[in-house]
Amino acid sequence: MKIHNYTIIIGCGRLGANLANTLSDNGEDVLIIDKNREAFRKLSPAFGGLSLQGDATDLDVLQEAQIGNASAVVAVTNHDNANILTAQIAREMFHIERVIARLYDPEREYVYREFGIDTICPAVLSVKEIDKILSRTEISKDSMQEVAQ
Ligand code: AMP
């Protein structure tokens, strides 16, 4: 049985810890996994979820996290291969509907799509944001010129 809004986050780095803090603040059930115990220091004192130390590519660790009950799994370690593997396990073995993985290498995005896994790629997101800022700057430059004329 799936627990409503039970999210497992894999990797308690800058992104994972921030996400865990945000979801916990929103009252959601969160469990965060990291292989390095020190990483949990990034969680805020108000974090109301659970933390589990272990290598998330180890099936026993995922089972200890009760992955079968999760409504969402977010794989945000600093290793694309670990993110691919855990996301695939979540999707294929445990049929988790919402699976999101961070991907440093945008060229591997197709691998995920084939498995119905959503991806976020920091490089691609940054390019989009920078492009947006640049075009906004262009527009304001244009309108400045229009006003000046
Ligand atoms: P960051 O680079 O700040 O996003 O941090 C990524 C986090 O992922 C670090 O805290 C790592 O210890 C953690 N990590 C990397 N590989 C694994 C893994 N296989 N299982 C669990 N945590 C991992």
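Residues numbered from 1 in each chain as written. Predicted model: local features only at pLDDT ≥ 70, side-chain atom pairs only at ≥ 80, totals over all residues. Heavy atoms only, no water.

Draft legend 1. Unusual backbone geometry, seen in detail. Backbone geometry at Gln66 places phi at a positive 55 degrees, although glycine is not the residue there. Residue position: Gln66 is located in the loop between α2 (59–64) and β4 (72–75). Gln66 sits in the partly exposed class, given a relative accessible area of 44%. (Helix = DSSP H or I, 4+ residues; strand = E, 2+ residues; numbered from the N terminus. Buried < 20%, exposed > 50% of the residue type's maximum accessible area, 1.4 Å probe, protein only.)

Draft legend 2. Molecular detail of the pattern of salt bridges. In the structure shown here, the tally under the stated rule is two salt bridges. For Glu129, the salt bridge is made with Lys132, and the minimal N-O distance between the two is 3.0 Å. Linking Glu129 with Lys132, this pair stays in helix α5 (residues 122–148), spanning three residues, or about one helical turn. You can call Lys132 partly exposed: its relative accessible area is 46%. (Salt bridge = Lys/Arg side-chain N within 4 Å of Asp/Glu carboxyl O.)

Draft legend 3. Quick peek at the site of the ligand. Asp34, Asp55, Ala56, Asn78 and Arg102 are the nearest of the 14 residues found near the ligand. Within the complex, the protein chains bury 89% of what would otherwise be the 520 Å² of accessible surface of the ligand. Given that more than half its atoms are within 2 Å of the pocket grid, the ligand belongs to the largest pocket. Broken down by class, the residue content of the shell around the ligand amounts to two nonpolar, seven polar and five charged. (Near = heavy atom within 4 Å. Areas by Shrake-Rupley, 256 points an atom, 1.4 Å probe, with all protein chains shown as cover. 1 Å grid on protein atoms, 1.4 Å probe; cavity = no way out; pocket = protein on both sides within 12 Å on 5 of 7 lines; lining within 4 Å. Sits in = over half its atoms within 2 Å of the grid points. Nonpolar A, V, L, I, M, F, W, Y, C, P; charged D, E, K, R; others polar.)

Draft legend 4. Region of interest: the sheet that holds strand β1 (residues 6–10). Spatially, the six strands line up as an open sheet ordered β3-β2-β1-β4-β5-β6, and their pairing is parallel. Edge positions in the sheet fall to β3 (50–53) and β6 (118–120), since each has one partner strand and no second. Averaged over all pairs of adjacent strands, the angle between strand axes in this sheet comes to 20 degrees, irrespective of strand direction. Taken together, the four bridges between β4 and strand β5 (residues 98–102) define a ladder with parallel strand orientation. Bridge pairing links Ala75 to Ala101 in β5. Where helix α3 (residues 80–93) meets the sheet, its contacts fall on β1, β4 and β5, and the angle it forms with β5 comes to roughly 175 degrees. (Pairing = 2+ DSSP bridges. Axes fitted to C-alpha atoms, helices over the stretch in contact; angles between N-to-C directions. Contact = heavy atoms within 4.5 Å.)

Draft legend 5. Main features of helix α1 (residues 14–25). With twelve residues, α1 ought to run about 16 Å at 1.5 Å a step, and its terminal C-alpha atoms sit 17 Å apart, in line with that. Those residues of α1 that fall on the buried side of the exposure criterion are Gly16, Ala17, Ala20, Asn21, Leu23 and Ser24. Within two residues after α1, Gly27 carries a phi angle of roughly 85 degrees, on the positive side. (Expected span 1.5 Å × (residues − 1).)

Draft legend 6. Here's a closer look at a negative patch on the surface. Residues Asp55, Asp58, Asp60 and Glu64 make up a contiguous surface patch of negative charge. Position of Asp55 relative to the elements: it lies in the loop between β3 and α2. Given a relative accessible area of 38%, Asp55 falls into the partly exposed group. (Patch = residues over 30% accessible without salt bridge, like charges linked within 9 Å, V, L, I, M, F, W, Y side chains within 5 Å. Lys, Arg positive; Asp, Glu negative; His and termini not counted. Charge placed at Lys NZ, Arg CZ, Asp CG, Glu CD.)

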